[in-house]
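# Analysis of the macromolecular model
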Amino acid sequence: SQQGEEDPQALSIQEGENATMNCSYKTSINNLQWYRQNSGRGLVHLILIRSNEREKHSGRLRVTLDTSKKSSSLLITASRAADTASYFCAPGYSGTYKYIFGTGTRLKVLA
Amino acid sequence: GAGVSQSPSNKVTEKGKDVELRCDPISGHTALYWYRQRLGQGLEFLIYFQGNSAPDKSGLPSDRFSAERTGESVSTLTIQRTQQEDSAVYLCASSTRRAGGFLSTDTQYFGPGTRLTVL
């Protein structure tokens, strides 16, 4: 399968703590995206990292990419209850337009 | 501007009936995707439209599923003779598909989904 595999499947932390979730993928990619989904509805794009980038920041989000290990991580710093959601990675494989989403990481931030 | 809209937001139907789901993409977006998400699961790719090119239907689970899109506008996903396993949220997304390969910025903008329940 070409889907990204998120790890862990579920994560529960206290408000103010950092949350880290990981994504592994199969073959070479052009880029990799992270999305958030609240309450089982539409996904919201968070950040895109290209294959020649190693780290990218957006507000409290930090994404890293290690193409040698075919993995990416999403770090949410100083988490808030509103960050409670499912997070999905979507590898953009070379030679295809499809983004195959995995099963996601369900993050719960406790107030 | 307006985002991706989908209708209906919820649909309850009886097994064996046909249903039609609608997606209005963001104006100017050439690419349109349909996904299915069963409860607690990830997104299953169903079909992809890009401009006037032939759609990629490789994700459609059976011949009961079909989708249409006229040009770069509205798309409809039709499920014939619905089964209980068709119960899921059906998500539509559109994107601009700028360039390809390394420069691709295929950020997908998702609609709120249609929750289909087959009794």
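In this text the structure is predicted, and so the values were computed from the model without any measurement. (Residues numbered from 1 in each chain as written. Chains lettered and ligands numbered in written order. Predicted model: local features only at pLDDT ≥ 70, side-chain atom pairs only at ≥ 80, totals over all residues. Heavy atoms only, no water.)

## A few points about the sheet that holds strand β9 (residues 85–93) of chain A
All names here are of chain A. Quick note on the threshold: At least two DSSP bridges between two strands are needed for those strands to be called paired. Helix and strand labels come from DSSP, where a helix needs a run of H or I of at least four residues and a strand needs a run of E of at least two; each type is numbered from the N terminus. Lines fitted to C-alpha atoms define the axes here, with helix axes fitted over just the stretch in contact, and angles between the N-to-C directions of these axes take values from 0 to 180 degrees.
Ordered in space as β2-β10-β9-β4-β5, the 5 strands form an open sheet in which the pairing is mixed. Looking at which strands have only one partner, the edges of the open sheet turn out to be β2 (10–14) and β5 (43–50). Taken pair by pair, the neighbouring strands of this sheet meet at an average axis angle of 25°, ignoring direction. Examined bridge by bridge, strand β4 (residues 29–37) and β5 share 7 bridges and lie antiparallel to one another. Across the sheet, residue Q37 finds its bridge partner in β5, namely L43.

## Some thoughts on the nonpolar core
The following threshold applies: Side-chain atoms within 4.5 Å are what join buried Ala, Val, Leu, Ile, Met, Phe, Trp, Tyr and Cys residues into a set we call a nonpolar core. Three labels apply to residues, based on accessible area from a 1.4 Å probe with only protein chains included: buried if under 20% of the type maximum, exposed if over 50%, partly exposed otherwise in between. A contact between two residues is defined here by any heavy atoms of the two lying within 4.5 Å.
Core analysis: the biggest nonpolar cluster contains 22 residues, and M21, L32, W34, L74, I76, Y87 and L107 of chain A have the highest contact counts within it. Ranked by residue count, the leading element in this core is β9 of chain A, at 4 residues. Residues contacting L74 of chain A, with those up to four places away along its chain left out, are A19, T20, M21, W34, L46, L61, R62, V63 and Y87 of chain A. Grouped together as the second largest cluster of nonpolar side chains are 20 residues, L32, W34, A67 and Y90 of chain B included.

## Section: the confidence of the model for chain B
Rules: One confidence number per residue, pLDDT, is output by the predictor and ranges from 0 to 100.
Averaged over every residue, the pLDDT of chain B is 90; residues scoring 70 or more account for 92%. No element of chain B has a lower mean pLDDT than strand β5 (residues 44–50) of chain B, at 91, and none a higher one than strand β7 (residues 75–79) of chain B, at 98.

## Some remarks on the interface of chain A and chain B
Interface size is often expressed as the accessible area that is lost when the parts come together. Spelled out, the test is: Buried surface area refers to the total accessible area, computed with a probe of radius 1.4 Å, that the two partners give up upon joining, counted for both partners together. A pairing counts as a salt bridge when a side-chain nitrogen of Lys or Arg comes within 4 Å of a carboxyl oxygen of Asp or Glu. Throughout this description, a polar contact denotes any pair of N or O atoms lying within 3.5 Å of each other; where both atoms belong to protein, one of them has to be capable of donating a hydrogen while the other can accept it, and for residues adjacent in sequence the pair is counted only when both atoms sit in side chains.
Listed by partner, the interface residues are 23 residues for chain A and 28 residues for chain B. With both chains or domains summed, chain A and chain B bury close to 2,000 Å², and 49% of this area falls on carbon and sulfur atoms. Counting the surface chain A buries against chain B, the share from its top three residues, R41, Y97 and F101 of chain A, is 31%. The tally of links from chain A across to chain B stands at 0 salt bridges. On inspection of chain A and its partner chain B, the count reaches 2 residue pairs in polar contact (both at pLDDT 80 or more). Of all elements in the fold, only β4 and β5 of chain A reach the threshold of two or more residues within the side of chain A that touches chain B. Sorting elements by how many residues they give to the side of chain A that touches chain B places β4 of chain A first, with 5 residues.

## Focus: the state of the cysteines
All names here are of chain A. The following threshold applies: By convention in this document, the label disulfide applies to cysteine sulfur atom pairs within 2.5 Å.
Scanning the entire structure with this criterion turns up 2 disulfides over all chains. One disulfide bridge connects C23 with C89, the sulfur atoms lying 2.0 Å from each other. With the S-S dihedral at roughly 65°, the linkage between C23 and C89 falls on the right-handed side. Of this pair, C23 sits in strand β3 (residues 19–24) while C89 sits in strand β9; the two residues are 66 residues apart in sequence, bridging distant segments of the chain. For the pair C23 and C89, one class covers both residues: buried.

## Some details on the packing of aromatic side chains
This is how it is decided: Geometry of aromatic contacts follows a simple scheme: Phe, Tyr and Trp rings, the Trp one being its six-membered ring, pair when their centres are within 6.5 Å, and the pair is stacked under 30 degrees between planes, edge-to-face over 60, tilted otherwise.
Counting across every chain of the model gives 8 aromatic pairs over all chains. The interplanar angle of 80° and the centroid separation of 5.8 Å between the aromatic rings of Y35 of chain A and F110 of chain B together place this pair among those described as edge-to-face. Taken together, the residues Y35 of chain A in strand β4 and F110 of chain B in strand β9 (residues 109–110) connect one chain to another. Since its relative accessible area comes to 1%, Y35 of chain A is described here as buried. One aromatic cluster is present, formed by Y35 and F101 of chain A together with Y33, Y35, F45, Y48 and F110 of chain B through successive ring pairs.

## Overview of the pattern of salt bridges
Residues and elements named next belong to chain B. Tallied over the entire structure, the rule returns 8 salt bridges over all chains. We note a salt bridge from R36 to E44, for which the minimum N-O separation is 3.2 Å. You can call R36 buried: its relative accessible area is 4%. Owing to a relative accessible area of 30%, E44 belongs among the partly exposed residues under this scheme. Note that E44 and R38 form a salt bridge whose closest N and O atoms lie 3.4 Å from each other. Each member of the salt-bridge network shares a partner with another, and the members are R36, R38 and E44.

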